[in-house]
Amino acid sequence: ECPLCLLPQPPEAFPTLASCSHRSCWACLEQYLCLAVSESRVPVSCPHCPTVLHPSDVHRLLPEPALRDKYEEFLLRRLLVADPGTRWCPAPDCSYAVFAHGCAECPRLTCGREGCGTEFCYHCRQPWHPDGPCAPVPLAPSLATPAAQLAQPEELAHGEALAQTEAEDIKVCPRCSAFIMKINDGSCNRMNCTMCGCLFCWLCLREISDVHFLSPSGCTFWGKRPWSRTRRILWQLGMVLGAPMVISLAAGVAVPVITIGIPIYMGRKVPAGGPGVPVLSGCQQCLSVTSSVLLSLCVSPIITALTVGVGVPLVLTYVYGTVMLSLCR
C-alpha cells in the first residue's frame, strides 16, 4: 500500500530512491516532484523525511523534459543566490548572472548575455547611475494596486492605505531580494526563503539563528510588529531585577515536585502494566511497587540536582549576560 495515496500497488510500482529507504508509488512521486519543481522548492526533499532527493532520482521520476530543465535551472540559481558576489541583471526577461567578486570599488557591471549588455550598479543592483548615489529600491510594479492606480483624488487616501497594507504583506529576502508574501496576521515570524534557503525574521528582515526570538531583540515568534524600545527596556529591567526571585520560586517548586512526584508516578504506573503484560498476584504487585518506589527515591534526587544545577546557571548566564549586555547598549 502506498503511504501517500493509500492504494494497493504491485511491488514494481515502488521505485527505489538513492537518498533514503522510504517508498512511494511512481504516480505519487511524479505528482509530488512536478508540484515541488513548479513551485521552485528546489532541492526537493523526500515526501516522508527531510532527506534531499538525489538529482539522478529526480531526473528519472520527472516525466517532462521541460520540468527537468527547470529543476536544473532552479538548482543553479539556488547555488548562485547563496554566493554574496553574484549579481543578477535587472533588465526585463533577462536572468543572466554576473560574477562580481571584488567589484565594490568599481561598481559598474555589464550583463554578458548576448544581445543584452545592460549596465547596472553592483551596490543597489539597479540600472547604472553615474551621476548620483544609489537610490532605494522602488516597490515592484506588481505590488501597486489597481485601486491606487485608478483612484480619483477623493479615493487617493483609501488607495494609499490599501497599497500600504499589501506592502506589509510582501517583503524581500535579505539575502537574494526575492519577493516573499505572508499575510500580516501575527502568525509565525520565522521565515525560510525557498529560493536561497535563507532563514530570516519577518519583523526585522535580518538573517537569524534559531535563538533569535529568545534574544532581547524585541522580535517575537508571533506578532505583527516588534516591541517598542520602551517596552523592550522595561522587559529587560524586569528580567534583571526579578530573575533571582523567579528562579528561587521555580526551584522551590521544582525540587519537591520532582523529588516526590517521580516516586508517586512510578508507584501508580507499575501496577497498571500494559497490553500483553500478565496480571501479577498481590504479593508480586506489592514487591514491584516497593522496588520501583525505592529505585525512584534514589534516582529522583539525582534528576533534581541535574535540573537545578544545569538550568539555574543557564538562566543566570542569559539574564546577566545577554540581557544585561543588550540593556547597556
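Reading the values: rules and limits
- Residues numbered from 1 in each chain as written.
- Predicted model: local features only at pLDDT ≥ 70, side-chain atom pairs only at ≥ 80, totals over all residues.
- Heavy atoms only, no water.
- Helix = DSSP H or I, 4+ residues; strand = E, 2+ residues; numbered from the N terminus.
- Buried < 20%, exposed > 50% of the residue type's maximum accessible area, 1.4 Å probe, protein only.
- Polar contact = N/O pair within 3.5 Å; in protein donor to acceptor, adjacent residues only side chain to side chain.
- Contact = heavy atoms within 4.5 Å.
- Disulfide = S-S within 2.5 Å.
- Phe/Tyr/Trp six-rings, centres within 6.5 Å; stacked < 30°, edge-to-face > 60°.
- Lys NZ or Arg CZ within 6 Å of the ring centre and 35° of its normal.
- Salt bridge = Lys/Arg side-chain N within 4 Å of Asp/Glu carboxyl O.

**With respect to the side chain of S300**
Along the polypeptide, S300 turns up in helix α7 (residues 282-328). The exposure class of S300 is buried, given its relative accessible area of 0%. Here the side chain of S300 touches T259 through a polar contact of 3.4 Å, landing on its backbone oxygen. Look past the residues within four positions of S300 in its chain and what remains in contact with it is I258, T259, I262 and P263.

**Comments concerning the state of the cysteines**
Across all of its chains, the model carries 0 disulfides by this definition. Cysteine C20 remains unbridged, with the sulfur of C46 as its closest cysteine sulfur at 3.6 Å. Classification of C20 by relative accessible area gives buried; the value is 14%.

**So, the packing of aromatic side chains**
Per the counting criterion, the structure on display carries 1 aromatic pair. The ring of W88 carries R77 above its face, with NZ or CZ at 4.3 Å from the centroid. Positioned above the aromatic ring of Y122 is the side chain of R87, whose terminal nitrogen or guanidinium carbon lies 4.1 Å from the ring centre.

**Details of unusual backbone geometry**
With the exception of glycine, most residues fall at negative phi, and the peptide bonds are largely trans. The step from V42 to P43 runs through a cis peptide bond, and the omega angle for that step is 0°. Locating P43 in the fold gives a position in the loop between α1 (26-38) and α2 (55-61). Positioned with a positive phi, L6 is a non-glycine residue whose angle comes to about 60°. Position of L6 relative to the elements: it lies in the segment before α1. Phi is positive for L205, which is not a glycine, with a value near 55°. On the secondary structure map, L205 appears in the loop between β8 (199-201) and α6 (229-272).

**Examining the pattern of salt bridges**
The full count for this structure, using the stated rule, is 3 salt bridges. The salt bridge involving R41 is made with E39; its shortest N-O contact spans 2.9 Å. We classify R41 as partly exposed; its relative accessible area is 31%. Under the relative-accessibility criterion, E39 is labelled partly exposed at 41%. Ionic pairing is found between E119 and R108, a salt bridge with its closest N-O pair at 2.7 Å. Of this pair, E119 sits in strand β4 (residues 119-121) while R108 is found in strand β3 (residues 108-110), placing the two residues 11 residues apart along the sequence. Overall, E119 belongs to the partly exposed group, its relative accessible area being 32%.

The quantities given are spatial measurements derived from coordinates; they are silent on function.
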